[in-house]
Amino acid sequence: MSEPLESDPSLLVVVLDVNASAWSKSPLTVGNALQQMVIFINAYLALKPENKLVVLASNKRECKCLYPVDRANATIERDIRVYEQFRVVDATVLSGVQAMLSGAEETVGDPNRGIEEGQTLMSRALSKALCHIHRVVDSTTSKVWSRILVLSAADDSPREYISLMNTIFAAQRMSVLIDICKVFGGDSVFLQQAAEITGGNYLKVDTAGGESMLQTLMFTCLADHYTREVLVAPTNETIDFRATCFCHKRVVDIGYVCSVCLSIFCEMAPVCSTCQTKFSFRIARAESAQSNGTLKQSPKPAAATAAMSTLTLS
Amino acid sequence: MAKGVKDPADDDDDYIDIDDTGPGDLKGADGGYAWEEEYKRSWDVIQEDASGSIQSVVLGISDQLRHKRRVRDTEAIQRGIIRHVVLILDQSESMNLRDLMPTRIQAALTMVGAFIGEYFDQNPISQLAVIATKDGLAEKLTDLSGNPMDHLGALKEKANKDLAGEPSLQNALELAMHTLKRAPTHGSREVVCVMGSLTTCDPGDIAQTLEALKLAQVRVSMVHLAAEVHVFKKICKETGGVFYVAQNEDNMKDLLFENVPPPPIVSAKATSDMIQMGFPIKANNSEVPTPCVCHHELSFVGYICPRCKSKVCSLPTDCDVCGLPLVSAPHLARSYHHLFPEENYKEVVGDFVDSSCFGCGTVWAEPPDASEHGVSRYRCPRCKHEYCLECDIFIHETLHNCPGCV
């Protein structure tokens, strides 16, 4: 993977969470947040003429691409006082969000497959964002550095965990940064991990306490891959990657993992409760064989560490 | 096509099969011997379209090939998620030949490097070792480890220098077996060879090695860069692996990458275990840099092994001090897609629903004519959304998530 250059263009995918019921709890109104986001988008487009933009909006039922749209059915009157591209983007994004917010109320009660009120199809939005990025990167000959900015409102939905992890690792592999902007509510554990694994920023803006979302976005998320190497990003408190066991929901340091289905348990059991596999209880032997092997054969640990490990083991 | 090439994945009509040990013995499709059939020319398949251009046909064929390449087996079978693979790389004189560009060894090294990256991306809690063979000897470049950087570094350092003599498959397999002997029984034991030589220079009877391999349940697969060799193929076949001959650089990559997803478990002896694993906490609050146990380098950040409190610099890995496998919860989640693979999309003929690709939003070009290879669309059987070929391949190879189903 080559290093980013100053002249390389960027691709920004903005994922807007337009879940009406989640936004109703917000101290910042949707309209206000959108206005600030549009200013940020315009600033991004103004930075470099080659910069590309995709805007996706997602609520609990659907995920739509707001920009770019098919030019044929977009009827936007021209305004000579405004830069053409800004105007097109602003108008399509705002009208698209409006349509989604008003459309959401009419179809309450349709089969939304276990997604509760106040949760959003975030993994679908991120999957689509990566598809868009893949398409753009594939079709352009020059190197394009991509990143995703999520304006998150809703809470995590636990059933999305695996699909979100898939998207996060796919993003990491494509060197796509995921920035998260959380305007209100509690921390989203999944999205925190998304930012941490991909190397993006997780921003929690305290709008009720007077912090400006636009200011935070401008200072942290406007920078491209090249600039981020020289900037000091706002630090996050340590993110806990420890697992919780399936049996008691306890956070475990050392857990036992079923070799068939990878379920995590906090203590030994004769049968895996997830996949009903019976275990053959060779754990002690297999493990001691392995660590002995490490001692004898691995060239790396120096004599001192080897002595230490004998102490720990015996 | 000058070489005796064979790729079992390509058994369709427009493929020129000049291999004499195909699946149907020596008989061709119509009952006669393969060499009695009419000679098929690859250029006969290509027909000009109405405007006299062959571009659309060529595009169509390449699309078909790409689609075929990624159609995978999606049955929910038990797969050995925790794998132990030994990669054997031929470093004999024959790797100096220039039939693959720029040389065989350079092409092989590029592919092996890509393979290692992909392997650890798809199998984060698995391990790999690298063995090189030349001058009738086998040398272990890296021991079983879960850190891709170790292997890539070792390959870069040693592998392309001093190609000499003949390889010894027996020595390499014996060394691989020795390496895999201490792998726990719940994990799979596999050997992947990249060979260029048509001979092997062995100290003893390789048939005995084959028996030992079968006994130790080691699965041997091989990608050969020149031609089929009976003994190589026999070893692969009898241990349950696959033997391929690469036609060109791209083909070699495809064949090697077939070893990236974990193979299904067929052996009845495979046991299941509870594996003890550590979930370390990231430590980055220290004022003073401390050395890590894996590379002995000073660093501020690291992960603390919950059992022996030593510091390692990356996950997933095995603790170098106490041997505890160290992973993070996302790595386990990363392996789930092998257990629940996405369904293969089916090509849509006629009766279109969506007006654009559900993934990347590309609006379909003019309504495609069924007779022409205009725009291929693929539909997910579960969510009934349509995708373009680009997204189809991307979803199945990288994302492992159908945007419509999640």
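Residues numbered from 1 in each chain as written. Chains lettered and ligands numbered in written order. Predicted model: local features only at pLDDT ≥ 70, side-chain atom pairs only at ≥ 80, totals over all residues.

Chemist: Just to check I follow, could you spell out the overall build of chain B for this structure?
Modeler: Check the secondary structure of chain B and you find nine helices and 17 strands. The long-range share in chain B, meaning contacts at least 24 apart out of those at least 6 apart in sequence, stands at 65%. (Helix = DSSP H or I, 4+ residues; strand = E, 2+ residues; numbered from the N terminus. Contact = placed C-beta atoms within 7 Å.)

Chemist: What should I look at first to understand the sheet that holds strand β8 (residues 281–283) of chain B in this one?
Modeler: In any sheet, the strands associate via hydrogen bonds between backbone groups, in a parallel or an antiparallel arrangement. Residues and elements named next belong to chain B. Here three strands make up an open sheet; going across it, the order is β8-β11-β12 and the pairing antiparallel. Strands at the two margins of the open sheet, each flanked by one partner only, are β8 and β12 (311–312). Alignment of strand β11 (residues 302–304) against β12, held across two bridges, turns out to be antiparallel. Residue pairing across strands places I304 opposite K311, the latter belonging to β12. (Pairing = 2+ DSSP bridges.)

Chemist: Before we go on, may I ask you to explain the domain arrangement of chain B in this structure?
Modeler: Interfaces are often sized by the accessible area lost when the parts come together. Taken domain by domain, chain B consists of domain 1 (83–257), domain 2 (281–326) and domain 3 (342–406). Between the C-alpha centres of domain 1 of chain B and domain 3 of chain B there is a distance of 37 Å. (Domains from an automatic or database assignment.)

Chemist: I tried to follow the confidence of the model for chain A on my own but got confused; where do I start?
Modeler: Interpreting fine coordinate detail is not advised for predicted regions of low pLDDT. All names here are of chain A. The predicted model of chain A averages 77 in pLDDT, with 79% of residues at 70 or higher. This model gives residues 107–114 a pLDDT under 50, and the stretch forms four contacts once residues within four places in sequence are excluded. Segment residues 283–314: pLDDT under 50, and 35 contacts once partners within four positions in sequence are set aside and those in other chains are kept. (pLDDT = per-residue confidence, 0-100.)

Chemist: What is the right way to read the confidence of the model for chain B from this model?
Modeler: Residue and element names in this part refer to chain B. Averaged over chain B, the pLDDT score is 79; the fraction of residues at 70 or greater is 79%. Looking at the elements of chain B, mean pLDDT is at its lowest for helix α1 (residues 55–70), recorded as 71, and at its highest for strand β5 (residues 219–224), recorded as 94. With pLDDT under 50 throughout, residues 1–24 is counted as low confidence; its partners more than four residues away or in other chains account for 21 contacts. A low-confidence stretch, residues 368–373 (pLDDT under 50), is modelled with eleven contacts involving residues beyond four sequence positions or located in other chains. Of the two predicted TM-score estimates for the complex, the pTM is 0.77 and the ipTM is 0.78.

Chemist: Before we go on, may I ask you to explain the UniProt feature "zinc finger region: C4-type" (unreviewed entry) in chain B in this structure?
Modeler: In the numbering adopted here, UniProt assigns the feature "zinc finger region: C4-type" (unreviewed entry) to residues 305–322 of chain B. A helix fraction of 0% and a strand fraction of 22% characterise residues 305–322 of chain B, whose end C-alpha atoms lie 9 Å from each other. (UniProt positions renumbered as here; feature names shortened; annotations may be inferred.)

Chemist: Whenever I open this one, helix α7 (residues 249–257) of chain B confuses me. Can you help?
Modeler: All names here are of chain B. Three or more residues of α7 are buried, namely M252, L255 and L256. Looking straight down α7, one finds its buried side chains confined to an arc of 95°; they lie on one side. Contacts made by the buried residues of α7 are with α2 (104–122), β5 and β6 (243–245). (Buried ≥ 20, exposed ≤ 12 C-beta atoms within 10 Å, placed from the backbone. Arc of directions from axis to C-beta.)

Chemist: What is the right way to read the nonpolar core from this model?
Modeler: Looking at soluble globular proteins, one finds that nonpolar side chains tend to be buried together. Formed by 112 residues in total, the largest nonpolar core has its most connected members in V13, V15, L56 and C181 of chain A. Every residue in contact with V15 of chain A, bar those within four places of it in the chain, is listed here: L56, S58, A125, L126, A129, I148, V150 and L151 of chain A. Counting 53 residues, the second largest nonpolar core, distinct from the first, contains V85, V86, I105 and V223 of chain B. (Core = buried A, V, L, I, M, F, W, Y, C linked by C-beta atoms within 7 Å.)

Chemist: Which parts of the structure should I look at to understand the sheet that holds strand β1 (residues 83–90) of chain B?
Modeler: Residues and elements named next belong to chain B. Ordered in space as β3-β2-β1-β4-β5-β6, the six strands form an open sheet in which the pairing is mixed. Since the sheet does not close on itself, it has two edges, and those belong to β3 (137–145) and β6, each with one partner. Strand-to-strand twist of the sheet, defined as the mean angle between neighbouring strand axes without regard to direction, takes the value 15°. As judged from the three bridges shared by β5 and β6, these two strands associate in the parallel manner. Its bridge partner lying in β6, H224 is registered against V245. (Axes fitted to C-alpha atoms, helices over the stretch in contact; angles between N-to-C directions.)

Chemist: Help me understand the pairing of strand β9 (residues 254–258) of chain A, please; the structure alone is not making it clear to me.
Modeler: Residues in a regular strand project their side chains so that they alternate between the two faces of the sheet. Burial analysis of β9 of chain A places four of its five residues in the buried class, the great majority of the element. With antiparallel pairing between neighbouring strands as the criterion, β9 of chain A and strand β10 (residues 264–265) of chain A make up a hairpin whose turn holds five residues, including L262 of chain A at a positive phi of roughly 65°.

Chemist: Help me understand helix α6 (residues 189–198) of chain A in this model?
Modeler: Side chains that are three or four residues apart share a direction in an α-helix, a result of its 3.6 residues per turn. α6 of chain A sits mainly inside the fold: seven of its ten residues count as buried. Taken together, the buried positions of α6 of chain A are occupied by F190, L191, Q193, A194, A195, E196 and T198 of chain A. Elements in contact with the buried residues of α6 of chain A: β4 (145–152), α5 (161–173), β5 (177–182) and β6 (202–204) of chain A together with α8 (329–339) of chain B. Backbone geometry just downstream of α6 of chain A places G199 of chain A in the positive-phi region, at approximately 85°.

Chemist: Help me out: how do you make sense of unusual backbone geometry in this one?
Modeler: Glycine aside, residues mostly have negative phi angles, and peptide bonds mostly take the trans form. Here Y67 of chain A and P68 of chain A are connected by a cis peptide whose omega angle stands at 0°. Residue position: P68 of chain A is located in the loop between β3 (63–67) and α3 (84–106). In this structure, D135 of chain B takes a positive phi of about 55° despite not being glycine. Along the chain, the position of D135 of chain B falls in the loop between β2 (127–134) and β3.

Chemist: Any chance you could explain the environment of Q122 of chain B here in plain terms?
Modeler: Residues and elements named next belong to chain B. By the secondary structure assignment, Q122 is in helix α2. Q122 sits 114 residues away from C236 along the chain, and the two C-alpha atoms are 23 Å apart. Beyond its immediate sequence surroundings of up to four residues, Q122 is in contact with V260 and P261.

Chemist: How should I be thinking about the packing of α2 of chain B against α7 of chain B in this particular structure?
Modeler: Describing two packed helices takes the angle between their axes plus the distance from one axis to the other. Residue and element names in this part refer to chain B. Viewed as axis vectors pointing N to C, α2 and α7 meet at an angle of 35°, and their least axial separation amounts to 10 Å. Relative to α7, α2 is oriented so that their crossing is right-handed. Of α7, the residues touching α2 (which contributes A107, M111, A114, F115 and E118) are E249, M252, K253, L256 and F257. For the contact of α2 with α7, the residue count by class is seven nonpolar, no polar and three charged. (Left-handed = near helix turned anticlockwise from the far one by under 90°. Nonpolar A, V, L, I, M, F, W, Y, C, P; charged D, E, K, R; others polar.)

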